[in-house]
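Report on the structure
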Amino acid sequence: MQSVDKIITPRWIVPVEPDETVLEGYSLVVHEGRILDLLPTAEAESRYHGETHRRLAQHALIPGLVNAHTHSPMTLLRGLADDLPLMDWLQNHIWPAEGRFVGEDFVHDGTLLAAAEMLRGGTTCFNDMYFFPETTAQVSGQVGIRAAIGLIVIDFPSAWASQASEYIDKGLDIFDRHKGESLLSFCFAPHAPYTVADEPLKRLATLSAELDIPVHMHVHETAHELEESKARFGVRPLERLAQLGLAGPNLMAVHMTQLESGEIAHLADTGTHVVHCPESNLKLASGFCPVHALMEAGVNVALGTDGSASNNDLDMFGEMRTAALLAKGVSGNAAALPAHTALRMATLNGARALGLADEIGSLTPGKSADMVAVNLGELESQPVYDPVSHLVYAVARHQVSDAWVAGRPLLRDRQLTTIDDTQLRQRISSWQARIAEAD
């Protein structure tokens, strides 16, 4: 028998690849942080001896969820300004609060809270966009969660940089210092077409091609954005980005609620990825991303939560359910975005958008052992005819019992293993008092 680090034997395994597959009576074998084998339990027990053997008789084992767009430190602004349209929310509430409070300590504690929330909700990889990205990278490394660090670019000054060129230069320095770390990847993160001028965007297009780094950007988020773009530049934002060399498989276009049929075809032709944030779009009344039409055209669509200030949570199970229901309502087709597709959006599609599909996103031998166990044995999940249906339409995030990244347990029986819950609560309480006093 071959000695391995661990064997995990759940009731069901949903590997995501192959599509629409549910395995019952199977075990996953993990060694040195990677998936070594996926095979019937009887064979696993005759072939391998695990240092640990975790039996989860009422659980589904799935790939760790990939939150393809968020602003993790904004957990500290959760619920600060609600029920407002995007530009009012940003200009009159969020940006002023950020101007007063954002610094390394804010980003550290907000990211730590976000990591705790995401792990407890089954997210093992997140794609971030925020100031002080090196602090986000450091916190992610300390926790052990996988992170795509957004190297933010914006034209106006912040506590982190003064102008677009400085943002880019500081981002490149962070990339150079951390690019060898196995749980970190990087994206250029220009905020939006209306906050970044042509020259910085051209530079980012060149750097993205040279370094093979994705570009992660809010695009076509609201009708107001499109009208402003036509007034300022004479074209809609997607056309402007294409003219600047940014369209293509390295572009992750977030939100995309305002799309014409020709633009959908262009996205498919260029291999541009779309990141759908259904709950944030609904809360801000930004519009509806035509997910069914995008997928029918062959566009890769991933899922994100957006930040906690506009959602107000980092719950990817909620996003899957909302995305599936919304796609049906928008398209008028009850078969649009079935459960297996929603789960793939939250796992493998996100990995593809980030350029990480060879590493994560499915429970495939050879990939990193990033995975989540979900307890379907609770009364609220009974009876179970189809575990994937439950994962999308019935499960709540508190049913996540365990989460592993590269085989390392970061959540065990609902307990975080690398974050001090008591200490974190004290830090967040202090921030709440400070921010509430200034509001």
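Keep in mind the model is a prediction, meaning the values are calculated, not measured.

The rules behind the values
- Residues numbered from 1 in each chain as written.
- Predicted model: local features only at pLDDT ≥ 70, side-chain atom pairs only at ≥ 80, totals over all residues.
- Heavy atoms only, no water.
- Helix = DSSP H or I, 4+ residues; strand = E, 2+ residues; numbered from the N terminus.
- Rg over C-alpha atoms; globule rule 2.2 N^0.38 Å.
- Buried < 20%, exposed > 50% of the residue type's maximum accessible area, 1.4 Å probe, protein only.
- Contact = heavy atoms within 4.5 Å.
- Salt bridge = Lys/Arg side-chain N within 4 Å of Asp/Glu carboxyl O.
- Expected span 1.5 Å × (residues − 1).
- Arc of directions from axis to C-beta.
- Polar contact = N/O pair within 3.5 Å; in protein donor to acceptor, adjacent residues only side chain to side chain.

Next up on the list: the overall build of the protein chain. When helices and strands are counted, the protein chain shows 16 helices and 17 strands. Rg of the C-alpha trace for the protein chain: 21 Å, near the compact-globule value of 22 Å for 439 residues, within the 12% margin. Overall, the protein chain is about 65 × 45 × 40 Å in size when its C-alpha atoms are taken along their principal axes. Looking at the 439 residues of the protein chain, the share that counts as buried comes to 60%. At a minimum sequence separation of 6, the contacts of the protein chain that also span at least 24 residues come to 72%.

On to the environment of Leu61. Residue placement: Leu61 occurs in strand β5 (residues 48-63). Placed 302 residues apart in sequence, Leu61 and Leu363 show a C-alpha to C-alpha distance of 9.0 Å. Ignoring any residue separated from it by four or fewer positions in sequence, one finds Leu61 in contact with Ile8, Pro10, Trp12, Ile13, Val14, Leu28, Leu363, Met371, Val372, Ala373 and Trp404.

What the rule picks out here adds up to 25 salt bridges. Of the charged contacts, one joins Glu117 and Arg397 as a salt bridge, the two residues approaching to 2.9 Å between their closest N and O atoms. Residue Glu117 is found in helix α3 (residues 104-120), and its partner Arg397 is found in the loop between α15 (387-393) and β15 (400-405); the two are separated by 280 residues along the sequence. Within this structure, Arg78, Glu117, Asp315 and Arg397 form a network of salt bridges that share partners.

What follows covers helix α16 (residues 421-438). A rise of 1.5 Å per residue sets the reference length of α16, with its 18 residues, at 26 Å; its end C-alpha atoms lie 26 Å apart and thus fit the reference within 8%. Residues Leu424, Ile428, Trp431 and Ile435 constitute the buried set of α16. One side of α16 holds all its buried residues, which, seen down the axis, span an arc of 60 degrees. Seen from the buried face of α16, the exposed residues on the opposite side, beyond 90 degrees, are Arg425, Gln426, Ala436 and Glu437. Backbone nitrogen of Thr422 and a side-chain oxygen of the N-cap are separated by 3.1 Å at the start of α16; the cap is Asp420.

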